[in-house]
Amino acid sequence: MESNGDFLALHGLQDDGDLKFLLKGSQLQKVKSSSWRKDRFYKLQEDCKTIWQESKKMMRSPESQLFSIEDIQEGQRSNLDLIAGSEAEAQHWVDGLRKIILHADSMSQKQKLQHWIHSCLRKADKNKDNKMSFKELKSFLKEVNIQMDDSYAWKIFQECDKSRTESLEDDEIETFYLMLTQREEIDRLFRVISGSGKTLSVDQLVTFLQQEQKEEEAGHQLALALIQRYEPNEAAKQKKQMTKDGFLMYLLSADGNAFSLAHRKVYQDMNQPLSHYLISSSHNTYLMEDQLTGPSSTEAYIRALSKGCRCVELDCWDGPNMEPVIYHGYTFTSKVLFCDVIKAIKNYAFKASPYPVIISLENHCSVEQQRVMAHHLRTILGDLLLDRPMDNMVTNFPSPEQLKKKILVKGKKLGGLLASLGASEATDVSDEDEAAEMEDEAVKMEVKQKLANDKLKLAKELSDLVVYCKSVHFSGFQDPAFYEMSSFTENRALKLAQESGNNFIRHNIRHLSRIYPAGWRTDSSNYNPVDMWNAGCQIVALNFQTPGMEMDLYQGRFQDNGFSGYVLKPAFLRDPDSNFNPRAVGEGPWCNRQRLRVRVISGQQLPKVNKNQNSIVDPKVTVEIHGVTRDNDRRETAVISNNGFNPMWDVEFKFEVDVPELALVRFVVEDYDSSSKNDFVGQCTIPFFSLKKGYRHIHLLSKNGDQYPSATLFVKINTEDHGRRVQDGLPAGE
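Reading the values: rules and limits
Residues numbered from 1 in each chain as written. Predicted model: local features only at pLDDT ≥ 70, side-chain atom pairs only at ≥ 80, totals over all residues. Heavy atoms only, no water. Helix = DSSP H or I, 4+ residues; strand = E, 2+ residues; numbered from the N terminus. Contact = heavy atoms within 4.5 Å. Areas by Shrake-Rupley, 256 points an atom, 1.4 Å probe, with all protein chains shown as cover. Axes fitted to C-alpha atoms, helices over the stretch in contact; angles between N-to-C directions. Parallel < 35°, antiparallel > 145°, perpendicular 65-115°, else oblique. Left-handed = near helix turned anticlockwise from the far one by under 90°. Nonpolar A, V, L, I, M, F, W, Y, C, P; charged D, E, K, R; others polar. UniProt positions renumbered as here; feature names shortened; annotations may be inferred. Buried < 20%, exposed > 50% of the residue type's maximum accessible area, 1.4 Å probe, protein only. Salt bridge = Lys/Arg side-chain N within 4 Å of Asp/Glu carboxyl O. Disulfide = S-S within 2.5 Å. Pairing = 2+ DSSP bridges. Phe/Tyr/Trp six-rings, centres within 6.5 Å; stacked < 30°, edge-to-face > 60°. Arc of directions from axis to C-beta. Polar contact = N/O pair within 3.5 Å; in protein donor to acceptor, adjacent residues only side chain to side chain. Core = buried A, V, L, I, M, F, W, Y, C linked by side-chain atoms within 4.5 Å. Expected span 1.5 Å × (residues − 1). pLDDT = per-residue confidence, 0-100.

- In the nomenclature of an unreviewed UniProt entry, the chain is known as Phosphoinositide phospholipase C of Vombatus ursinus.

1. Thoughts on the overall build of the chain
So, point 1. A tally of helices and strands in the chain yields 21 helices and 28 strands.
So, point 2. Long-range contacts, defined as pairs at least 24 residues apart, comprise 69% of the intrachain contacts of the chain with a sequence gap of at least 6.
So, point 3. When the accessible surface of the chain is totalled, it reaches about 32400 Å², and 47% of it is carbon and sulfur.

2. Considerations on the packing of helix 8 (residues 184-194) against helix 12 (residues 244-252)
So, point 1. Helix 12 packs onto helix 8 with a crossing angle of 115° between their chain directions and a minimal axis gap of 11 Å. Taken together, the axes of helix 8 and helix 12 are roughly perpendicular relative to one another. Note that helix 8 runs across helix 12; the crossing there is right-handed. Facing Ile186, Asp187, Leu189, Phe190 and Ile193 of helix 8, the residues of helix 12 in contact are Lys244, Phe247, Leu248 and Leu251.
So, point 2. Residue composition of the contact of helix 8 with helix 12, grouped by class: seven nonpolar, no polar and two charged.

3. Thoughts on the UniProt feature "active site" (unreviewed entry) in the chain
So, point 1. In the numbering adopted here, UniProt assigns the feature "active site" (unreviewed entry) to His283 and His328. Maximum C-alpha separation among the annotated residues is 11.2 Å over a sequence range of 46 residues, consistent with a single clustered spot.
So, point 2. Summarising the element assignment, histidine 283 is placed in the loop between strand 8 (277-282) and helix 13 (298-306).
So, point 3. The exposure class assigned to histidine 283 is buried, which follows from its relative accessible area of 5%.
So, point 4. Structurally, histidine 328 is set in the loop between strand 10 (325-326) and strand 11 (336-337).

4. Describing the environment of leucine 168
So, point 1. Considering the arrangement of structural elements, one finds leucine 168 in the loop between helix 6 (150-160) and helix 7 (171-180).
So, point 2. Judged by relative accessible area, which is 0%, leucine 168 ranks as buried.
So, point 3. When the C-alpha positions of leucine 168 and glutamate 136 are compared, they lie 9.9 Å apart, and in sequence the two are 32 residues distant.
So, point 4. For leucine 168, the residues in contact, after removing those within four places along its chain, are Asn130, Lys131, Met132, Leu137, Phe157, Cys160, Asp161, Ile173 and Phe176.

5. Notes on the pattern of salt bridges
Side chains that differ in sign of charge can pair as their charged atoms come close.
So, point 1. Tallied over the entire structure, the rule returns 29 salt bridges.
So, point 2. In this structure, glutamate 234 engages lysine 237 in a salt bridge whose closest nitrogen and oxygen atoms are separated by 3.6 Å. Of this pair, glutamate 234 and lysine 237 both sit in helix 11 (residues 234-238), three residues apart, which is roughly one turn of the helix.
So, point 3. A salt bridge links lysine 620 to glutamate 636; the shortest N-O distance between them is 3.0 Å. Here lysine 620, found in strand 22 (residues 619-626), pairs with glutamate 636, found in strand 23 (residues 633-636); they are 16 residues apart in sequence, far enough to count as distant.
So, point 4. Relative accessible area serves as the criterion here: at 41%, glutamate 636 is assigned to the partly exposed category.

6. Thoughts on the state of the cysteines
Simply put, the disulfide is a covalent bond whose two ends are the sulfur atoms of two cysteines.
So, point 1. Enumeration according to the criterion identifies zero disulfides in this entry.
So, point 2. With no disulfide of its own, cysteine 309 lies closest to cysteine 311 among cysteine sulfurs, the gap being 6.6 Å.

7. A few points about the pairing of strand 25 (residues 664-671)
So, point 1. Most of strand 25 is tucked away: eight of the eight residues are buried.
So, point 2. Neither face of strand 25 is left uncovered, since the one carrying Leu664, Arg666, Val668 and Glu670 and the one carrying Val665, Phe667, Val669 and Asp671 both have all their residues buried.
So, point 3. Sheet topology note: the strand 22/strand 25 ladder contains eight bridges and is antiparallel. Bridged to isoleucine 625 within strand 25 is valine 665.

8. Quick notes on the packing of aromatic side chains
So, point 1. Inspection of the entire model under this criterion finds 28 aromatic pairs.
So, point 2. An angle of 50° between the planes, with centres 6.2 Å apart, marks the rings of phenylalanine 477 and phenylalanine 504 as tilted. Residue phenylalanine 477 is located in the loop between strand 16 (466-471) and strand 17 (484-489), and its partner phenylalanine 504 is located in helix 19 (residues 501-510); the two are separated by 27 residues in the primary sequence.
So, point 3. Relative accessible area serves as the criterion here: at 28%, phenylalanine 477 is assigned to the partly exposed category.
So, point 4. Geometrically, the ring pair formed by tryptophan 533 and tyrosine 554 is tilted, given 5.4 Å between the ring centres and 40° between the ring planes.

9. Notes on unusual backbone geometry
So, point 1. Of note in the backbone geometry, asparagine 284 takes a positive phi value of approximately 40° without being a glycine.
So, point 2. Note that asparagine 284 resides in the loop between strand 8 and helix 13.
So, point 3. Phi at methionine 322 takes a positive value of approximately 60°, unusual for a residue other than glycine.
So, point 4. For methionine 322, a relative accessible area of 41% puts it in the partly exposed group.

10. Notes on the environment of glycine 562
So, point 1. Along the chain, the position of glycine 562 falls in helix 21 (residues 549-563).
So, point 2. Separated by 295 residues in sequence, glycine 562 and tyrosine 267 place their C-alpha atoms 7.4 Å apart.
So, point 3. Leaving out residues up to four positions away in the same chain, glycine 562 has contacts with His263, Arg264, Lys265 and Val266.

11. What about the sheet that holds strand 4 (residues 66-68)?
The pairing of strands in a sheet happens through backbone hydrogen bonds and is either parallel or antiparallel.
So, point 1. The five strands lie next to each other as 4-3-2-1-5, forming an open sheet whose pairing is antiparallel. Every interior strand has two partners, whereas the edge strands, strand 4 and strand 5 (81-83), have only one. Each neighbouring strand pair of the sheet contributes to a mean axis angle of 40°, computed without reference to strand direction.
So, point 2. Across three bridges, strand 2 (residues 37-44) lies against strand 3 (residues 50-53) in antiparallel orientation. What sits directly across from tyrosine 42, in strand 3, is glutamine 53.
So, point 3. Contacts from helix 2 (residues 17-24) reach strand 1 (26-31) and strand 2, with the element oriented near 120° to strand 2.

12. Some thoughts on helix 2
So, point 1. All of the buried residues along helix 2 are Asp18, Leu19, Leu22 and Leu23. Considered in projection along helix 2, the buried side chains sweep an arc of 135° and stay on one side of the axis.
So, point 2. N-cap assignment for helix 2: the residue whose side-chain oxygen lies 3.0 Å from the backbone N of aspartate 18 is aspartate 16.
So, point 3. Positive backbone phi, at 90°, marks glycine 25, one or two positions downstream of helix 2.

13. Here we look at the pairing of strand 3
So, point 1. Counting the residues between successive antiparallel strands, the hairpin from strand 2 to strand 3 contains five residues, one of them, cysteine 48, with a positive phi of roughly 55°.
So, point 2. For strand 3 and strand 4, the ladder comprises three bridges, and the chain directions are antiparallel. When the bridges of strand 4 are listed, threonine 50 appears paired with serine 68.

14. Topic: the nonpolar core
So, point 1. Core analysis: the largest hydrophobic core is formed by 60 residues, its most contacted members being Leu314, Ile345, Ile359 and Leu377.
So, point 2. Broken down by element, this core gets its largest block of residues, seven residues, from helix 14 (residues 338-348).
So, point 3. Grouped together as the second largest cluster of nonpolar side chains are 29 residues, Ala258, Val657, Ala663 and Leu691 included.

15. Considerations on helix 15 (residues 367-381)
So, point 1. For helix 15, which comprises 15 residues, the first-to-last C-alpha distance of 21 Å matches the rise-based estimate of 21 Å (1.5 Å per residue) to within 8%.
So, point 2. When we look at burial in helix 15, the residues that qualify are Val367, Gln369, Gln370, Val372, Met373, Ala374, His376, Leu377, Ile380 and Leu381.
So, point 3. With its phi angle positive at about 55°, glycine 382 sits one or two positions after the end of helix 15.

16. Quick look at the confidence of the model for the chain
So, point 1. Taken residue by residue, the chain gives an average pLDDT of 86. The fraction at 70 or more is 84%.
So, point 2. Low pLDDT, under 50, characterises residues 1-5; the predicted model gives this stretch 13 contacts beyond four residues in sequence or across chains.
So, point 3. Contacts for the low-pLDDT stretch residues 726-734, under 50 throughout, to residues beyond four places or in other chains number 14 contacts.

Structural data, given as structure tokens:
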């Protein structure tokens, strides 16, 4: 079994004072509310991966008192609030946990796999004697998702039990681990490219990189760099050779990932006007759950910003003590202070990306509380707030590069870009209220009455903070000022895309358009963002708190360009003379027909989603294309029964893609169920031109968009220019 010594030695942390303190543990005060505070003992476990917490609950299992350090992520989970006895003690916990997270993040895929296997072994070791009986081995196999009949399991057990003690320990467990993690498909591939040799020479690796991986930089320099980076055997490294272990480590690494390593950093031109980019945007950002009764929280803003979101929404209402609050008006969602949200935005705006953040205000406040809002925006955000046009930028938007580390306000504005009315008089403007779109009849009636009887009075102090994002009602495609932008429900936007597709695209070259979910989506469900992106809409706002295919596509699109939250639209969506229409794709510069071949070879360590102890995954893989209507397609593998650990499919799919610049490729793994809906296991969505060719691993994400430590698909990908689509009447890809 792995001990803390293994982890600490691996990362040179054996004598670290912070980690020694955490391994001893200490008393911390657990806080649930202002009235609930209890002292509890917390201690880092020997594996340096989990923390034990004391619990006063009766009948609580030892496992339920453990939580994984992997779950400690800023903005990704609900909070666990703890108070230390002293500042020094708090610093030990903060610094110690940071070191563990930092070093865990830097581990190779193979090290992560070893850690995962060892954590499963620890769970199976019920009596904690660091040995594994046959009964515990069977428990372990279930933990790692392998259905194995008893006779085969007993055979492996006996092969490894060299000491004949009817239990496995130390080297025997290591032998068992090696037998378990053998990859037959990798062995076969290695035999072919090495000519059945024990190692790959530099020349053999170069040939593989050129012919199979289609690496543009393939050559001796790249081959030697990969050997240096991934070869664990020092003797082989000295001889400039790569063993099978090194080859597997390369394939599991970022260099062997199906998502292009070059696209994991900002590589696009960031000097074009803001309206030329798709912008990662959240709807009703303050909500953690549904639109009617769920909680509002600053945590939701932290979570969205940590996921690269660059446009967040604030629904502002008068609050007690002259402090504006944010919540979904006319509903029972809880309230959060406006000033607390602005502080959270300031602290997290530029952690995931340095590019500008847009605060989209839906303002329902009195003039007095609008002045309080303006005061908070100025004093809290300080120099981060853009409160005047940038130098000479009065005829077109500045670029994301020019707006780096700036926060823009979107909202109602008195007059034009350079308007200054002098006096601080409040002035009437038309009110906008998304709640008018909601299906809840009581809400709809209340809002419509308010809108009929009410003009919103706008405080000049707040108006002056709106620079490049002035909210106006849409009144057709006559060319308004570039800084005037409209918001559309998904249905209105879809109608414009269908009936005036080309006009909408041209409008979106010079103006920003914001799209938000239909009012009937009170459950916080999402619409498909691809249709809106295809029409050039930039601020396509989704409910970030709701997992599903739509958020998978969103995360896939914005993984591109270094997770910056800004993706440059294709040239044909930026050209004022463009005739592109996503609903009727004719010939034009957008037609770059590609044939995509995807060979789904195998899966590795697919997680158990059904918590029933005796349940084993029956996985199947679906490969989907999401793009313009004629490119949308999907293919499915067969179901593999009772094997989530190392299922093998080895099946190839072909797709024809006409407009690859708008296409996303989604790989989905489900646990097949003949009697009910399949359980979602994991997925990965990759923009077409971010797909790497050759033998690649696809690293799967959970339902919430977090990467699994070692769940992967092994695939072979190839794309080739294809001058014409197959005859009408034949399915594309057949």
